[in-house]
Amino acid sequence: MSEYILVTGGAGYIGSHTVVDLLENGFCPVVVDNCVNAIVAEGHKTPESIRRIETITGEKVIFHNVDLCNKKDLESIFEKYKFSAIMHFAGLKSVNESVSNPMNYYEVNLGATINLIECMKAYNIFNIVFSSSATVYGIPERLPIDESHPVGNGITNPYGKTKYFIEEIFRDLAKAESQWKIILLRYFNPVGSHVSGLIGEDPQGPPNNLMPYVAQVAIGRRPILSIFGNDYDTPDGTGVRDFIHVVDLAKGHISALKHINEVCGCKAYNLGTGKGYSVLEAVEAFKEASNKDIPYKFAPRRLGDLGDVHADPTLAKKELNWTANWSLSRMCEDLWRWQTMNPTGYNPNEKI
Ligand code: UDP
């Protein structure tokens, strides 16, 4: 019988791609999501992303509309299934929103995680893979960033701080109770979509992240890209990031799951390619993949942004047997396919 894996936030961008991989690897994902950021088509109870996963895989996905902040509802899920591990993607994720409403971010992201940990303890489940972020490194002291780089210094927004605080909770927990096996996956910059073009990133409102914005300019949803800063200490002056294909990222979660029993306590791994590309290089790659012009203008630096952030992914290769395989041009091709097949994301009624 296949193992039940609880996937919190499985209707979201990275969660949905991981659910596809879990199914393809013979696991039985149980998705819980409160759908605050998910589109549910009229007449349906399941988010559109989940229905599309069913089309891709030909399998039925177990889905429950549950808010992790509601502990009773969460407990009922633990009561129903015997999980072998948890993958914890759920959380609020907008940097801007977190600055204007920090308490909501602390309450939801920390509260949900604490409820989850308490349920896990109550049901004797101690294996968890957590969606962390490169943002926990704050301002890089050295490049590329490996996992021994200090964390928690100079994080400029509450969203990033929730990732760091949750990491701290997991580290404390693992110190206090020896049965825990916790993997913190620190994502760099996920881009792209499943090759089918059926699932992808679906920002609500104007995208905050670079590549979804570029894709919306290419398709004519936005007139022009603002490039925030051309005076960074980088080869062309624009920011440099470690863009990673979302499918590579999803595969990193499967590798983590397969190796989780070798972990003793709490262990962090970078999920990145190890190669940095500038904003201008990324725009150029997207232009080539889409064959569209991407008008842009230079604008002042965005508050809290960093110059160059890229990973040393050696540890994940050594211990999880995982490496990112797909190039920036492949990320752009797949993102463009998703964008052209779904000009307004999962919501067909939205205006372009
Ligand atoms: N960026 C930009 N214009 C945008 C969005 C982002 O020039 O509309 C730049 C941003 O300043 C940074 C890079 O693109 O240098 C990546 O930004 P993103 O928000 O995607 O990721 P993060 O900064 O969180 O790594």
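Residues numbered from 1 in each chain as written. Predicted model: local features only at pLDDT ≥ 70, side-chain atom pairs only at ≥ 80, totals over all residues. Heavy atoms only, no water.

A. Structural view of the overall build of the chain. Looking only at helices and strands, the chain features 11 helices and 14 strands. In terms of overall size, the chain behaves like a compact globule, its C-alpha atoms giving a radius of gyration of 19 Å where 352 residues would be expected to give roughly 20 Å. Projected onto its principal axes, the C-alpha coordinates of the chain cover approximately 55 × 50 × 40 Å. Of all 352 residues assigned to the chain, the portion counted as buried reaches 54%. (Helix = DSSP H or I, 4+ residues; strand = E, 2+ residues; numbered from the N terminus. Rg over C-alpha atoms; globule rule 2.2 N^0.38 Å. Buried < 20%, exposed > 50% of the residue type's maximum accessible area, 1.4 Å probe, protein only.)

B. Structural view of helix 5 (residues 102-122). Between its first and last C-alpha atoms helix 5 spans 30 Å; for 21 residues at 1.5 Å apiece the expected length is 30 Å, and the two agree. Every buried residue belonging to helix 5 is among Y105, Y106, N109, L110, A112, T113, N115, L116, I117, C119 and M120, and all of these are buried. Taken together, the buried residues of helix 5 touch strand 1 (4-8), helix 3 (71-80), strand 4 (83-88), helix 4 (95-100), strand 5 (127-133) and helix 6 (158-176). (Expected span 1.5 Å × (residues − 1). Contact = heavy atoms within 4.5 Å.)

C. Representation of the nonpolar core in the model. By size, the foremost hydrophobic cluster in this structure holds 64 residues, and its most contacted members are I183, L185, M211 and F286. Ranked by size, the runner-up nonpolar core spans 30 residues in total, among them I77, A112, L116 and I166. (Core = buried A, V, L, I, M, F, W, Y, C linked by side-chain atoms within 4.5 Å.)

D. Expanded view of the site of the ligand. Around the ligand sit 13 residues in total, of which L210, S226, R241, R302 and D305 are the nearest. At 2.9 Å from an oxygen atom of the ligand is found a main-chain nitrogen or oxygen belonging to F228. At 2.5 Å from an oxygen atom of the ligand is found a side-chain nitrogen or oxygen belonging to D305. Surface burial for the ligand is 86%, taken as the share of its 510 Å² of free accessible area covered by protein chains. Top element by residues in the shell around the ligand is strand 8 (residues 225-228). It accounts for four residues. Residues that form the shell around the ligand fall into these classes: five nonpolar, five polar and three charged. (Near = heavy atom within 4 Å. Polar contact = N/O pair within 3.5 Å; in protein donor to acceptor, adjacent residues only side chain to side chain. Areas by Shrake-Rupley, 256 points an atom, 1.4 Å probe, with all protein chains shown as cover. Nonpolar A, V, L, I, M, F, W, Y, C, P; charged D, E, K, R; others polar.)

E. Representation of the packing of aromatic side chains. Within the structure shown, the criterion is met by 12 aromatic pairs. Between F126 and W180, the ring centres sit 5.1 Å apart and the planes meet at 90°, which makes this aromatic pair edge-to-face. Of this pair, F126 sits in the loop between helix 5 and strand 5 while W180 sits in the loop between helix 6 and strand 6 (181-187), placing them 54 residues apart in sequence. Take F126 and W180: they sit in the same class, and that class is buried. (Phe/Tyr/Trp six-rings, centres within 6.5 Å; stacked < 30°, edge-to-face > 60°.)

F. Seen up close, the environment of G192. One can find G192 in the loop between strand 7 (189-191) and helix 7 (210-218). When its relative accessible area of 2% is taken as the criterion, G192 is described as buried. A sequence separation of 147 residues divides G192 from Q339, and the C-alpha atoms of the two residues are 9.7 Å apart. Discounting chain neighbours no more than four positions away, the residues touching G192 are Y13, V246, M331 and L335.

G. Local environment of the packing of helix 9 (residues 279-290) against helix 11 (residues 328-341). The interhelical angle for the contact between helix 9 and helix 11, taken along N-to-C directions, is 55°, at an axis separation of 8 Å. As far as their axial angle goes, helix 11 and helix 9 are oblique. In this structure, the crossing between helix 9 and helix 11 has a hand that is right-handed. Between helix 9 and helix 11, the residues in contact are E281, A282, A285, F286, A289 and S290 and L328, S329, C332, E333, L335 and W336, respectively. Considering only residue class, the contact of helix 9 with helix 11 consists of eight nonpolar, two polar and two charged. (Axes fitted to C-alpha atoms, helices over the stretch in contact; angles between N-to-C directions. Parallel < 35°, antiparallel > 145°, perpendicular 65-115°, else oblique. Left-handed = near helix turned anticlockwise from the far one by under 90°.)

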